[in-house]
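Structure assessment
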Amino acid sequence: MEKKRRVYIQNFGCQMNDYDVERMVEILRAQGYAACASAEEADLVVLNSCAIREKSEHKVQSAAGRLKELKAARPGMVLAIAGCVAQQEGARLLKRVPTADFTFGPDQIPALPSLLARFSDGRRRFSATDVIDVEDYAFLDADPEPGDVKVTALVTIQKGCDNHCAYCIVPHTRGREVSRPADEVVAEVARFVALGAREVTLIGQNVNSYHAIGTPDGDDFAELLRRVDAVPGLVRLRYTTSHPKDFTEKVAEAHRDLRTMTSWLHLPVQSGSTRTLRRMVRGYTREEYLRKLEHARRLSPELSLSTDIIVGYPGETDAEFDETLSLLAEVEYDNIYSFGYSERPDTPALKLKLKDDVPAEVKDARLQQVQALQREITARRLGRFVGRTAEVLVEGASRSGAGQLCGRLSGNEMVNFGEPADPSRARALVGQLIPVRITATRAHTLVGELTGAPIALALASPPRRLKVVA
Ligand code: SAH
Ligand code: SF4
Ligand code: F3S
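Residues numbered from 1 in each chain as written. Chains lettered and ligands numbered in written order. Predicted model: local features only at pLDDT ≥ 70, side-chain atom pairs only at ≥ 80, totals over all residues. Heavy atoms only, no water.

A separate point is the pattern of salt bridges. Taken as a whole, this structure holds 36 salt bridges when the rule is applied. In this structure, Asp 43 engages Arg 6 in a salt bridge whose closest nitrogen and oxygen atoms are separated by 4.0 Å. Residue Asp 43 is located in the loop between strand 2 (33-35) and strand 3 (44-49), and its partner Arg 6 is located in strand 1 (residues 5-11); the two are separated by 37 residues in the primary sequence. For the salt bridge of Arg 92 with Glu 89, the shortest nitrogen-to-oxygen distance reads 2.9 Å. Classification of Glu 89 by relative accessible area gives buried; the value is 8%. One network of salt bridges, with partners in common, ties together Glu 57, Glu 89, Arg 92, Arg 96 and Arg 344. (Salt bridge = Lys/Arg side-chain N within 4 Å of Asp/Glu carboxyl O. Helix = DSSP H or I, 4+ residues; strand = E, 2+ residues; numbered from the N terminus. Buried < 20%, exposed > 50% of the residue type's maximum accessible area, 1.4 Å probe, protein only.)

In structure tokens:
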């Protein structure tokens, strides 16, 4: 029998890239490749890049640099660079990364077999960054094998983005927004559930503008949530990312009403200052954002909230930055992701002549201030669970080691807890919803102990409003 070729994929960036890696693995499997755990063993190495900040771009370049000696020692090894930097930089990337054999953008993933054939034909370097027209774009269906499927699965509902946030490179790297047909989404969710997934996260850059159903009120995303919620056997439903300007009351109601809907809401605000938001071309004011959150929280008081923050945006004054701090204090998010502004090529900010004028030291200082404030808030928010018993969907062995299991609360909080003495019973808990008593907090996670038998999964019951048991 011919020896299987091996592929090693190193991934950077967001959930879209995570999803893309899964599809690449499936496509390459059909070509006779098996995934391996390190570049040293691989015949093909793919670096799936992210271009969102300059630092992300550097990461892929240094990863490629680290492969230089390996590549020299193993001339047969092929190195491909995929993802958003490949799309953005095209042939320029080949110049900058001499070890790369070819580069390809996200729309070229289905063409991977022919790209590999093209390279092995003449071993001439090339870059494949053609973008598929919106009308012709077809989503790749996931084709997982049972062993690939985890308790939690990602299902894409949208590609690209039609917004024009001034700082953002994504519309340039991922192209125009396309919504995936609802039947495909529902069928894929059902396929993952049939293979053992219990939680699904619907992904897209701006899921709220999903538009492939044609509902009379135009709120196709709320309708999609309803349809996915009806998939038998699904236990939890999440989605990311939302754009505040398109976040509707019906989606807030879905958190309250749908059987599987979790109590996690990631609503990136970027800045607490309306003036900064205007320069970012975000399309909402601080007050409008706060009103939407307040409404969502009124409907679902248990919501756990997270957000993204950019500090040091062009022209951000001390007073504007203070408004970001005051917004964080006012909202009390459970968790935030914060970044210093990074100027990116081909973004509206350049056309708008928004100069990257906040000095690096000021950006750093602001970032530290934001993170210090959030550490206190996160500690307080996690503290609210201590002493309570909450439902945990068990994902597997804890990364903390020490024979623990881990899983998440509905609000996305990670919980590590002691496993039963009998390892086969511990394994049987994976994929179950179980009551865990929360005993302590860590910086970003919770610690707990098992209190009882798995909760009988009510798979088609009326809405379960009580995400926390006691
Ligand atoms: N579609 C998502 C964001 C995807 S990018 C949304 O609209 O929320 C993830 C995060 O990276 C953004 O929310 C933003 O906080 C950050 N980001 C994007 N471009 C950036 C830049 N040029 N500099 C710094 N942070 C940036
Ligand atoms: Fe970028 Fe804005 Fe689109 Fe998010 S919504 S991907 S920040 S342009
Ligand atoms: Fe990065 Fe591209 Fe995602 S730039 S954040 S990998 S869409």
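Alright, that's what it looks like, and here's the rest.
Time to look at the site of ligand 3. As a matter of local geometry, ligand 3 sits amid Cys 14, Asn 17, Cys 50, Ala 51, Ile 52, Cys 84, Val 170, Arg 174 and Gln 205. Counted by class, the shell around ligand 3 contains six nonpolar, two polar and one charged residues. Residue assignment places the shell around ligand 3 across two domains, with domain 1 (5-130) and domain 2 (135-383) each supplying three or more. (Near = heavy atom within 4 Å. Nonpolar A, V, L, I, M, F, W, Y, C, P; charged D, E, K, R; others polar. Domains from an automatic or database assignment.)

Moving on, we get to the site of ligand 1. By nearness alone, 15 residues border ligand 1, and Tyr 167, Gln 205, Gln 270, Asp 308 and Ser 342 come closest of all. Between a nitrogen atom of ligand 1 and a side-chain N or O atom of Gln 205, the distance comes to 2.7 Å. Here Asp 308 contributes a side-chain N or O atom positioned 2.6 Å from an oxygen atom of ligand 1. In the complex, 90% of the free accessible area of ligand 1, which totals 550 Å², lies under the protein chains. Of all the secondary-structure elements, those providing two or more residues to the shell around ligand 1 are strand 13 (304-311) and strand 14 (335-340). Its residues placed into classes, the shell around ligand 1 shows six nonpolar, five polar and four charged. (Polar contact = N/O pair within 3.5 Å; in protein donor to acceptor, adjacent residues only side chain to side chain. Areas by Shrake-Rupley, 256 points an atom, 1.4 Å probe, with all protein chains shown as cover.)

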